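Listed below are the residues making up each chain.
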Amino acid sequence: MDLLETFQGSNDLVGFAAGTVIFQENSEGGHMYVVIKGEVVVSLKGKQLAVAGAGEIVGEMALISADIRSATVTAKTDCTLAVIDQSSFESLIRHMPEFSMHVMNVLVERIHNAYERI
Amino acid sequence: MSFLDIFQDWKDVETRPAGTTIFSETGKADVLYVILAGDVEISLHGQVLSTETKDSIIGEMAVIASASGSQTVTAISEVKLARLDREQFNHLIATDPSFAHYALAAMANRLRVVNAFISAQLEFGE
């Protein structure tokens, strides 16, 4: 599923300047984001875990399990993100199984990357 | 009715004794299981990451991403497992949003556990 194509026309786009903290680990979170333009850095306790670019998602964990943020995400460059709130997320899961599969694939990749660090 | 009820009448059910390796981190797999009874331990390189019990999904990574192994899953009591192949899993995701949500939550939890493990390692400077 091409998330960039799906969300670049979203009505809910937000811009962040390079260096801005988009969300912080252990904080409450009610949104996930699709990177439309630019890059963001995912980090944990100050250590960089990944860089996400156009078409990639960040912040999905807080929506899936209604839990606190598991990592910090910072704008690496000036960037534009599409915002997905809880109700849009539920609607996507209900009506677009390919969205669920896409998010599952992202989670598998993240778990694999995490396993590499152990 | 909980979507988990569909597994109570699932045709393909396996029982494994305590001590059985259900998945090996070096092995190949193309099925996943929903635990109907009993407990399993998830480990990597000999380090225990978590214990999973009734209603948990195990082995989903291989089915979703055709990834081999990746973690070892061992029965720590006798376990009763509902077996799903890729086609059955995809069908459930497409037709039952509550199952999709449940599978996502299971994976998010898996990632949280492993991140907590790494976080503890970072704290101790390993």
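Before reading on, note that the structure itself is shown above.
Keep in mind that what you see is a predicted model, and the values were worked out from it rather than measured.

What counts and how
Residues numbered from 1 in each chain as written. Chains lettered and ligands numbered in written order. Predicted model: local features only at pLDDT ≥ 70, side-chain atom pairs only at ≥ 80, totals over all residues. Heavy atoms only, no water. Axes fitted to C-alpha atoms, helices over the stretch in contact; angles between N-to-C directions. Helix = DSSP H or I, 4+ residues; strand = E, 2+ residues; numbered from the N terminus. Parallel < 35°, antiparallel > 145°, perpendicular 65-115°, else oblique. Left-handed = near helix turned anticlockwise from the far one by under 90°. Contact = heavy atoms within 4.5 Å. Nonpolar A, V, L, I, M, F, W, Y, C, P; charged D, E, K, R; others polar. Buried area = accessible area lost by both parts, 1.4 Å probe. Salt bridge = Lys/Arg side-chain N within 4 Å of Asp/Glu carboxyl O. Polar contact = N/O pair within 3.5 Å; in protein donor to acceptor, adjacent residues only side chain to side chain. 1 Å grid on protein atoms, 1.4 Å probe; cavity = no way out; pocket = protein on both sides within 12 Å on 5 of 7 lines; lining within 4 Å. Points joined across faces, edges and corners; volume = space filled by probe spheres on them. Buried < 20%, exposed > 50% of the residue type's maximum accessible area, 1.4 Å probe, protein only.

Engineer: Any chance you could break down the packing of helix α2 (residues 86-95) of chain B against helix α3 (residues 97-123) of chain B for me, citing the residues and the numbers?
Structural biologist: Residue and element names in this part refer to chain B. Here α2 crosses α3 at 115 degrees, and the two axes come no closer than 5 Å. On the basis of the axis angle, α2 is roughly perpendicular to α3. In this structure, α2 crosses over α3, and the sense of that crossing is left-handed. Packed against α2, whose contacting residues are Phe-89, Leu-92, Ile-93 and Thr-95, the element α3 presents Pro-97, Phe-99, Ala-100 and Ala-103 at the interface. Residue composition of the contact of α2 with α3, by class: seven nonpolar, one polar and no charged.

Engineer: Provide a residue-level description of the interface of chain A and chain B, including the pertinent values.
Structural biologist: Taken together, the contact pairs 30 residues of chain A with 34 residues of chain B. Both faces considered, chain A and chain B share a buried interface measuring about 2,900 Å² in area, 76% of it formed by carbon and sulfur atoms. At the boundary of chain A with chain B, the tally comes to zero salt bridges. In this assembly, chain A and chain B are joined by three residue pairs in polar contact (both at pLDDT 80 or more). When residues of the side of chain A that touches chain B are assigned to their parent elements, the largest contribution, 13 residues, is made by helix α4 (residues 97-116) of chain A. Its residues assigned to classes, the side of chain A that touches chain B comprises 17 nonpolar, five polar and eight charged.

Engineer: Run through the environment of Ile-57 of chain B, naming residues and quoting values.
Structural biologist: Residues and elements named next belong to chain B. Checked against the element boundaries, Ile-57 lands in strand β6 (residues 57-58). Sequence separation of Ile-57 and Leu-32 is 25 residues, and the distance between their C-alpha atoms is 7.2 Å. Apart from residues no more than four positions distant in its own chain, Ile-57 is found in contact with Leu-32, Tyr-33, Val-34, Phe-99, Tyr-102, Ala-103, Ala-106 and Arg-110.

Engineer: Describe in detail empty space enclosed by the protein, supporting the description with residues and values.
Structural biologist: To find leftover empty space, a probe the size of one water molecule is rolled over the atoms. The full count for this structure, using the stated rule, is two cavities of 30 Å³ or more. Looking at the second largest cavity, the residues that line it are Tyr-115 of chain A together with Ile-42, Leu-49, Ser-50, Arg-110, Val-113 and Val-114 of chain B. Contributing elements (two or more residues each) for the lining of the second largest cavity: β5 (47-52) and α3 of chain B. When residues of the lining of the second largest cavity are assigned to their parent elements, the largest contribution, three residues, is made by α3 of chain B. Considered class by class, the residues forming the lining of the second largest cavity number five nonpolar, one polar and one charged.

Engineer: Describe the pattern of salt bridges, with residues and values.
Structural biologist: Should their charged atoms come close, side chains of opposite charge can pair. All names here are of chain B. Within this structure, the stated rule accounts for eight salt bridges over all chains. Note that Arg-16 and Glu-14 form a salt bridge whose closest N and O atoms lie 2.8 Å from each other. Overall, the relative accessible area of 18% leaves Glu-14 in the buried class. Between Lys-54 and Asp-55 there is a salt bridge; the shortest N-O distance is 3.5 Å. Overall, the relative accessible area of 45% leaves Lys-54 in the partly exposed class. Several salt bridges share partner residues, and in doing so they unite Asp-12, Glu-14, Arg-16 and Arg-83 into one network.

Engineer: Describe in detail the layout of surface pockets, supporting the description with residues and values.
Structural biologist: Each pocket or cavity is described by its volume, and for the largest pocket that value is around 510 Å³. Listed by contribution, the elements that provide at least two residues to the lining of the largest pocket are β5 (47-52), β6 (57-58), α2 (60-65) and α4 of chain A together with α3 of chain B. Its residues assigned to classes, the lining of the largest pocket shows 15 nonpolar, six polar and six charged. Estimates place the volume of the second largest pocket at around 180 Å³. Around the second largest pocket sit Glu-25, Asn-26, Leu-44, Lys-45, Arg-69 and Ser-70 of chain A together with Arg-112, Asn-115, Ala-116 and Ser-119 of chain B, which together line it. No other element matches the four residues that α3 of chain B contributes to the lining of the second largest pocket. Residue composition of the lining of the second largest pocket, grouped by class: two nonpolar, four polar and four charged.

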